[in-house]
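Summary of the model geometry
Okay, here's what each chain looks like letter by letter:
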Amino acid sequence: MPAQRAGETNAKSDYINQMNQGLGTCQAKESSAGTNQLSDQDLVAEVLRKDRKATAEFVARYANHVYGYVRRRLIPRADFVDDLVQEIFIAAWENLEKFRGDAPLRSWLLGIARHKVEDHYRKRLREIQLQDEEESAWDEPASFHELEEAIAKRKAGQRTQEILKTLPETYSVILLWRYWEKRSLRDIAVQIGKTEKGVERMLARARQQFKKRWYERQSPARG
Amino acid sequence: MSDNLQHEDRLFELLAQQADEAGSERAPSRLKAKLYTSLVQKQQESGRLLTLAESRANGHGLCVFEDLWSDLTSAEAAQSFNCCSVCHARVLAEHWEAVPIYWGHCPYVAFGKK
């Protein structure tokens, strides 16, 4: 995409002019906070014109959102986060001309991030093989009262993140993909080339291991 | 789907929701610096950057180095040169958090601010 841009200066100028006419001005606007802040569309127009200062603002404004999202989705593998965030911003630049302003720029960027995260899940689930010895038998309790209580009291978030870090990567990835990204079993099965039943079994084991760790971590406090 | 399975699915959906709400981390300033550097590099691959004079006319402030560069040079190619590529602030910011540089309008300094 960037290679095509060299000969597209006029087309881009027209696009920017149209945007400017439509929006009135490309000048910085006064936000409610009292600081000058460009609107999403003005910012995009300036980044496309390769204004380096606007590009810096683009990074400053959205890096935290994208990083936060990727970090939460890659809980077990924090070492991949920086590279993935970088890929997302490069992909954003390469597709920025397609941004029409129908949704906020933040949502548009998070859409790209979601695709990249799912690419990562697909790749990891195909690459990693679960080690059988990592699974151990567990007498599952008849009810999950404590887990439910923690959820009801909205105190489950931090602990959930900690447990995800300790699970074998296959399990944390499948849980994140199914419940955090809300993907159906069928979608996941298609993406990783397994049967729906196979994914369901993997997910059941992942849930069981998660609950096991939840109760193991709780035991010392109870004793 | 059995009732048990539905219940368990619901539990995990709530766990996911609460884990997402459990706080969001800021991107390290080091990463922001690298993101900015790679984006500007990508922009340069497809032609010149907007000149510093045009950036200033758009309402953006220039750092002391860019200001000096802008006043000393007039050719468009020189004006479009990415001064940051030879600036120590970039090198420091890409390797350390919150580097002790206090130039106004330097993007690398700004990334380190809370």
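Everything numeric in this text was worked out from a predicted model, so none of it was measured.

Our next topic: the pattern of salt bridges. Here the idea is simple: oppositely charged side chains can pair when their charged atoms come close. Enumeration according to the criterion identifies 32 salt bridges over all chains in this entry. In this structure, the salt-bridge partner of Arg73(A) is Glu181(A), at a minimum N-O distance of 2.6 Å. Here Arg73(A), found in helix 4 (residues 52-73), pairs with Glu181(A), found in the loop between helix 9 (169-180) and helix 10 (185-192); they are 108 residues apart in sequence, far enough to count as distant. In this structure, Glu94(B) engages Arg90(B) in a salt bridge whose closest nitrogen and oxygen atoms are separated by 3.5 Å. Placement of both Glu94(B) and Arg90(B) in helix 6 (residues 88-95) is noted, with a separation of four residues, approximately one turn of the helix. Relative accessible area serves as the criterion here: at 17%, Arg90(B) is assigned to the buried category. Here the residues in one salt-bridge network are Arg72(A), Arg73(A), Arg114(A), Glu181(A) and Asp20(B), joined through shared partners.

What follows concerns the nonpolar core. In terms of nonpolar packing, the biggest core is built from 87 residues, with Phe58(A), Val70(A), Val85(A), Phe89(A), Leu175(A) and Trp214(A) touching the most fellow members. The element that contributes the greatest number of residues to this core is helix 4 of chain A, accounting for ten residues. Apart from residues lying up to four places away in sequence, Trp214(A) is in contact with Glu146(A), Leu147(A), Ala150(A), Ala156(A), Arg159(A), Thr160(A), Ile163(A) and Leu15(B).

Chain B puts 56 residues into the contact, and the matching count from chain A is 55 residues. Linking chain B to chain A there are ten salt bridges. Arg154(A) is the salt-bridge partner of Glu21(B), the closest N and O atoms lying 2.6 Å from each other. Remark: the boundary between chain B and chain A carries 31 residue pairs in polar contact (both at pLDDT 80 or more). Elements with a contribution of two residues or more to the side of chain B that touches chain A: helix 1 (3-21), helix 2 (29-45), helix 3 (52-57), helix 5 (76-80) and helix 7 (107-111) of chain B. Among the elements that take part in the side of chain B that touches chain A, helix 1 of chain B stands out by supplying 15 residues, more than any other.

A word on helix 7 (residues 145-152) of chain A. Of all the positions in helix 7 of chain A, only Leu147(A), Ala150(A) and Ile151(A) are classed as buried. Taken end-on, helix 7 of chain A shows its buried residues confined to a sector of 100 degrees, consistent with a single buried face.

Taking relative accessible area as the criterion, Arg73(A) reaches 5% and is therefore assigned buried. Not counting residues up to four positions away in its chain, the partners in contact with Arg73(A) are Val117(A), Tyr121(A), Leu176(A), Trp180(A), Glu181(A) and Asp20(B).

All names here are of chain A. On average, residues of chain A score 81 in pLDDT, and 76% of them are at 70 or above. At the level of individual helices and strands, chain A shows its lowest average pLDDT in helix 2 (residues 9-23), which scores 37, and its highest in helix 5 (residues 81-95), which scores 98. Long-range and interchain partners of residues 1-34, a stretch whose pLDDT sits below 50, account for 48 contacts in this model, where long-range means more than four residues apart.

So, about the packing of aromatic side chains. Scanning all chains against the criterion turns up eleven aromatic pairs over all chains. Centre to centre, the rings of Tyr36(B) and Tyr108(B) are 5.4 Å apart; their planes meet at 65 degrees, and the pair counts as edge-to-face. Highlighted residues: Tyr36(B) in helix 2 and Tyr108(B) in helix 7, separated in sequence by 72 residues. Both residues of the pair, Tyr36(B) and Tyr108(B), belong to the buried class. An aromatic cluster of three or more residues is present, and its members are Tyr179(A), Phe210(A), Trp214(A) and Phe12(B). The aromatic ring of Trp214(A) is capped on one face by Arg159(A), whose charged end is 4.0 Å from the ring centroid.

Quick look at unusual backbone geometry now. Residue and element names in this part refer to chain A. A positive phi is found at Lys50, a non-glycine position, where the angle reads about 65 degrees. Mapped onto the fold, Lys50 is located in the loop between helix 3 (40-48) and helix 4. On the accessibility criterion, Lys50 (6% relative accessible area) is buried. Backbone geometry at Lys182 places phi at a positive 55 degrees, although glycine is not the residue there. In this structure, Lys182 sits in the loop between helix 9 and helix 10. Owing to a relative accessible area of 64%, Lys182 belongs among the exposed residues under this scheme.

Each value, and the rule that gives it
Residues numbered from 1 in each chain as written. Chains lettered and ligands numbered in written order. Predicted model: local features only at pLDDT ≥ 70, side-chain atom pairs only at ≥ 80, totals over all residues. Heavy atoms only, no water. Salt bridge = Lys/Arg side-chain N within 4 Å of Asp/Glu carboxyl O. Helix = DSSP H or I, 4+ residues; strand = E, 2+ residues; numbered from the N terminus. Buried < 20%, exposed > 50% of the residue type's maximum accessible area, 1.4 Å probe, protein only. Core = buried A, V, L, I, M, F, W, Y, C linked by side-chain atoms within 4.5 Å. Contact = heavy atoms within 4.5 Å. Polar contact = N/O pair within 3.5 Å; in protein donor to acceptor, adjacent residues only side chain to side chain. Arc of directions from axis to C-beta. pLDDT = per-residue confidence, 0-100. Phe/Tyr/Trp six-rings, centres within 6.5 Å; stacked < 30°, edge-to-face > 60°. Lys NZ or Arg CZ within 6 Å of the ring centre and 35° of its normal.

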